[in-house]
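Geometric and topological summary
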Amino acid sequence: MCGALRASDAGKKAVLMGWVNRRRDLGSIIFIDLRDRTGVTQVVVNRELNPSAHDKAEQLRNEYVIAVIGTVKQRDRDTVNKNIPTGEVELIIEELRLLNESKSPPFLPGEAILPNEEMRLKYRYIDLRRDAMQFNIELRHKVSKAIRDDLSAQGFFEIETPFMTRSTPEGARDYLVPSRVQPGSFYALPQSPQMFKQILMISGFDRYFQIVRCFRDEDFRADRQAEFTQIDLEMTYPQTDTVWGVVEGFLTAAFKAAAGQEIKAPFPRMSYDEAIKRYGNDKPDMRLPAMVDVRAALMPEELDELAGKFRMRKEFPLQLIRIPKAGEISGTERRTIGTYGAFQHVQGPSFVQLMTDPKRFAKDYPAPSEKVQAFAKIEPDDLWLLAGAANHPEKAAVMDQRVQHFCEKCGFLRLDLAQKYASRHKAFEKTGDPAKDFRFLWVSDFPMFEWDNAEKRWNPAHHPFTTLHEEDMAKLEANIDSVHDPKSPLGEIRALAYDVVLNGTELGSGSIRIHRQDIQKKIFQALGMSDDEARARFGFFLEALEYGTPPHGGIALGLDRIVMILAGAESLREVIPFPKTARAVDLMVDAPTPVSEAQLKELGIAIRKAQE
RNA sequence: GGGGACGUAGUUCAGUUGGUUAGAACGCUGCCCUGUCACGGCAGAGGUCGCGAGUUCGAGUCUCGUCGUCCCCGCCA
């Protein structure tokens, strides 16, 4: 192959096939950079040595497909190209065959400057010829294979589950597939194989996994596509630790096999509560320092004074946000803190009170300033600020001032600042040390229920088959009929649910499931679902639970995201061969499209024109 | 659903305060060139300035709308 030849191959005869990456025509001598999946080799065509091949080579253009037969020659020392792995050799042509011509492509795979994404997606077959894309897709293959091998070795069976299945009202919007045989009825594409994998546990398959496509009809982001691939697994008789061990096992294997990175397991662990309090986020990016509630560093009178002066609520945390090595910033810059990025969007107008001028703070409040800096271990070059909850009565009236929301807002600010000063702190740049480059984390003890403000009710935070901490069972029973009460202690119940997080990205999410029907019933009751309703939605599943269901649990990880992080890519589209745009369009095949009347009629579907 | 950025040659971009014939680089076409590797040299072709209105004597430039791509908020059990 084009990337394989080395100095040790000198003298051998070789046949190479590939694309013309570049042609350098010097008149009587023509150099062709021949490219395939593995790399590029220089082919030499000399008019004196081979006039007929030279005639053909003159006609070659970029992206023509050719076959060349020739002899591998070690290059003279002064003509070695150190920039490419095959740079010590070249192929002296004996025979050239044109296998196919190419129209002049809209952009060249060998070009350093990227065209815009619209172009890349429309001509994806050309974009995919680029080194970087070839590398990413190969990386993806290696990750998948390593995970398959490792899970197989851990005793898991790969088992397929249906794509055309049943719509369930929970969670994301479903993609629907109309049934021709039963007009008016629809299949749904799975948001995940959740119920099937639990059924497989009930069926005795003990350890299941699947690298499987999932579909969610929600808006796209850089790290979200409507169809994406999960590493889905489920096992019987697990403790939380058992599942975590399995995941740490296959991730270690994948990072080693695919990228040569030795990551350290077990991963650190943190409760959801701690993640929110210290990072303002349920998927903390551990490459940056946590926020510090500095109230503990201050005397009560000092806190009173500050709270009064800055009009802050002292029963809320006083969060110190630190960006290491961000250095001095100007007053103008300081005043814009809090006006950019995600921070200003969340929860409408700010109820966060900011103290962004450390010098002035030190001047006005020398003792608290010193204590706070010592407490948060501020280094001379750090950028830091204090954030407290505003005590404006007029703002408090419109604001949901729960501590969690306050902390989340501070967390957004922390990430905004980190992003803005990324070039200074360099915490997001790869160092080559896997312990620094890949900061894994388990976040556990998620809340069981979350309040849905639009529907004015409690919903499952994970899914309704997640089990809860045994200690919280009494709380569930005591509040089992409070689904519409926003103040219900239902919000305090902790689930045996966990996320695995890498560098601030949620890689996967899982839980220990409910295996007993009496508990499952209680959950449905707490969710305000009657027996009839539950049966209508999950009847087959509830019935299955009654036939000797073993305790079980599992997790699902986003393969695309893992590969994205390993590839150092900014977007999922860089690691998915044929992704869709933010408006869920495939620009290459031009999907979706309207379909014919005949097709619709067969399905019993009529399209209603949109209202003006 | 909301906010923001962008849209000019095949591609990446520049285009001054609204003013003559809209430029560059790469790519493309032709010619020259025996050691290039982002080859070089000469010549040339290539534009509905996303689309539609409006303001103006005059619009790539200003205004409104619309379409498309990207990023973020909401949403994503």
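On a predicted model such as this, the values are computed, not experimentally measured, just so you know.

Each value, and the rule that gives it
- Residues numbered from 1 in each chain as written.
- Chains lettered and ligands numbered in written order.
- Predicted model: local features only at pLDDT ≥ 70, side-chain atom pairs only at ≥ 80, totals over all residues.
- Heavy atoms only, no water.
- Helix = DSSP H or I, 4+ residues; strand = E, 2+ residues; numbered from the N terminus.
- Buried < 20%, exposed > 50% of the residue type's maximum accessible area, 1.4 Å probe, protein only.
- Contact = heavy atoms within 4.5 Å.
- Areas by Shrake-Rupley, 256 points an atom, 1.4 Å probe, with all protein chains shown as cover.
- Lys, Arg positive; Asp, Glu negative; His and termini not counted.
- Charge placed at Lys NZ, Arg CZ, Asp CG, Glu CD.
- Core = buried A, V, L, I, M, F, W, Y, C linked by side-chain atoms within 4.5 Å.
- Domains from an automatic or database assignment.
- Arc of directions from axis to C-beta.
- Axes fitted to C-alpha atoms, helices over the stretch in contact; angles between N-to-C directions.
- Parallel < 35°, antiparallel > 145°, perpendicular 65-115°, else oblique.
- Left-handed = near helix turned anticlockwise from the far one by under 90°.
- Nonpolar A, V, L, I, M, F, W, Y, C, P; charged D, E, K, R; others polar.
- 1 Å grid on protein atoms, 1.4 Å probe; cavity = no way out; pocket = protein on both sides within 12 Å on 5 of 7 lines; lining within 4 Å.
- Points joined across faces, edges and corners; volume = space filled by probe spheres on them.
- Pairing = 2+ DSSP bridges.
- Near = heavy atom within 4 Å.
- Polar contact = N/O pair within 3.5 Å; in protein donor to acceptor, adjacent residues only side chain to side chain.
- Salt bridge = Lys/Arg side-chain N within 4 Å of Asp/Glu carboxyl O.
- Phe/Tyr/Trp six-rings, centres within 6.5 Å; stacked < 30°, edge-to-face > 60°.

1. Here's the deal with the overall build of chain A
If you tally the helices and strands in chain A, you get 20 helices and 21 strands. For chain A, the proportion of its 612 residues judged to be buried stands at 47%. Of the contacts formed within chain A by residues at least 6 apart in sequence, a portion of 71% connects residues at least 24 apart. Carbon and sulfur atoms form 51% of the exposed surface of chain A, whose accessible area is close to 31300 Å². In chain A, 84 side chains carry a positive charge and 90 a negative one; their mean positions are 3 Å apart.

2. Comments concerning the nonpolar core
If you look at the biggest cluster of nonpolar residues, it comprises 51 residues, and the most contacted ones within it are Ile321, Phe406, Leu417, Phe449, Leu468, Leu476 and Ile523. Once you skip the residues sitting within four places of it in the chain, Phe406 turns out to touch Phe316, Pro317, Gln319, Phe351, Val352, Ala387, Gly388 and Ala389. By size, the runner-up hydrophobic cluster in this structure holds 42 residues, among which are Phe209, Val247, Phe438 and Tyr498.

3. Quick notes on the domain arrangement of chain A
Each assigned domain of chain A is listed here: domain 1 (7-100) and domain 2 (288-431). Each of domain 1 and domain 2 has a C-alpha centre, and the two are 61 Å apart.

4. Regarding helix α1 (residues 51-59)
Among the residues of α1, Ala53, His54 and Ala57 are the ones counted as buried. One face of α1 carries all of its buried residues, which in axial projection span an arc of 100 degrees. Of the surrounding secondary structure, the elements contacted by the buried residues of α1 are β1 (13-25), β2 (29-36), β3 (39-46) and β5 (89-100).

5. Side note on the packing of helix α4 (residues 131-153) against helix α19 (residues 559-567)
Between α4 and α19, whose axes approach to 10 Å, the crossing angle comes to 125 degrees. Classified by the angle between their axes, α4 and α19 sit oblique to one another. Crossing of α4 over α19 shows right-handed handedness. Counting all contacts with α4, which are made through Asn136, Leu139, Arg140, Val143, Ser144 and Ile147, the residues of α19 involved are Leu559, Asp560, Ile562, Val563, Leu566 and Ala567. Residue composition of the contact of α4 with α19, grouped by class: eight nonpolar, two polar and two charged.

6. Here's the deal with the layout of surface pockets
Looking at the second largest pocket, its volume works out to about 420 Å³. What lines the second largest pocket is a set of 17 residues, among which Leu176, Pro178, Pro592, Thr593 and Val595 lie closest to the centre. Here the lining of the second largest pocket gets three residues from one element, more than from any other, and that element is strand β7 (residues 176-178). Looking at the lining of the second largest pocket, its residues break down into 15 nonpolar, one polar and one charged.

7. Notes on the pairing of strand β19 (residues 497-502)
Burial within β19 is extensive, with six of its six residues counted as buried. Taking every second residue as pointing to the same face, both faces of β19 are buried, with Ala497, Asp499 and Val501 on one and Tyr498, Val500 and Leu502 on the other. The pairing of strand β16 (residues 440-444) with β19 spans five bridges and is classified as antiparallel. Looking at β19, one finds that Leu441 is bridged to Val501. Pairing of β19 with strand β20 (residues 505-512), which is carried by six bridges, proceeds in the antiparallel orientation. Looking across to β20, one finds that Leu502 is bridged to Thr505. In this structure, the hairpin formed by β19 and β20 is closed by a connection of two residues, where Asn503 is found at a positive phi of approximately 50 degrees.

8. Section: empty space enclosed by the protein
In this structure the tally under the stated criterion is two cavities of 30 Å³ or more. Lining of the largest cavity is provided by Leu303, Ala307, Met312, Arg313, Lys314, Phe316, Pro317, Leu318, Gly388 and Ala389. For the lining of the largest cavity, the secondary-structure elements that each account for two or more residues are α8 (300-309) and β15 (383-389). Among the residues forming the lining of the largest cavity, the class breakdown is seven nonpolar, one polar and two charged. Taken as a whole, the second largest cavity holds about 30 Å³ of empty space.

9. As for the protein's contact with RNA strand B
Around RNA strand B there are 50 residues in total, and Asp25, Glu48, Thr79, Arg221 and His462 lie nearest to it. Protein-adjacent atoms of RNA strand B, using a 4 Å cutoff, are sugar or phosphate at a proportion of 56%. Gly27 is positioned with one of its backbone polar atoms (N or O) 3.4 Å from a base nitrogen of RNA strand B. One of the side-chain N or O atoms of Arg221 is found 2.3 Å from a phosphate oxygen in RNA strand B. Breaking the surface near RNA strand B down by element, the ones donating at least two residues are β1, β2, β3 and α2 (117-122). Looking at side-chain class alone, the surface near RNA strand B contains 17 nonpolar, 16 polar and 17 charged residues.

10. Here's the deal with the pattern of salt bridges
One side chain can pair with another of opposite charge once the charged atoms of both are near each other. Applying the stated criterion to the full structure yields 43 salt bridges. Across the pair Arg173 and Glu218 runs a salt bridge whose closest N-O atoms are separated by 3.6 Å. Remark: Glu218 occurs in the loop between β9 (207-215) and β10 (227-236) and Arg173 occurs in the loop between β6 (157-158) and β7; sequence separation between them is 45 residues. If you follow the salt bridges from partner to partner, you end up with Arg120, Arg124, Asp127, Arg130 and Glu574 in one network.

11. Structural notes on the side chain of Asp472
Examined against the element boundaries, Asp472 turns out to sit in the loop between β18 (457-460) and α16 (473-478). Setting aside its immediate chain neighbours within four residues, Asp472 contacts Glu492, Ile493 and Arg494.

12. Things to note about the packing of aromatic side chains
Within the structure shown, the criterion is met by 20 aromatic pairs. Relative to Phe446, the ring of Tyr272 lies with its centre 5.1 Å away and its plane at 45 degrees, an arrangement referred to as tilted. Of this pair, Tyr272 sits in helix α7 (residues 272-279) while Phe446 sits in the loop between β16 and β17 (449-452); the two residues are 174 residues apart in sequence, bridging distant segments of the chain. The two residues Tyr272 and Phe446 agree in class, both being buried. Here the aromatic rings of Phe361 and Trp384 are separated by 6.4 Å at their centres, their planes lie at 80 degrees, and the arrangement is edge-to-face. Of this pair, Phe361 sits in helix α10 (residues 358-364) while Trp384 sits in strand β15, placing them 23 residues apart in sequence.

13. Here we look at the pairing of β1
Moving residue by residue along a regular strand, the side chains alternate between the two faces of the sheet. Pairing geometry for β1 and strand β4 (residues 65-74), over seven bridges, is antiparallel. When the bridges of β4 are listed, Met17 appears paired with Ala67. Of the pairings in the sheet, the one linking β1 to β2 comprises six bridges and is antiparallel in character. Paired with Trp19 across the two strands is Arg35, which belongs to β2. In this antiparallel pair of consecutive strands, β1 and β2, the connection spans three residues, and Gly27 shows a positive phi of 105 degrees.

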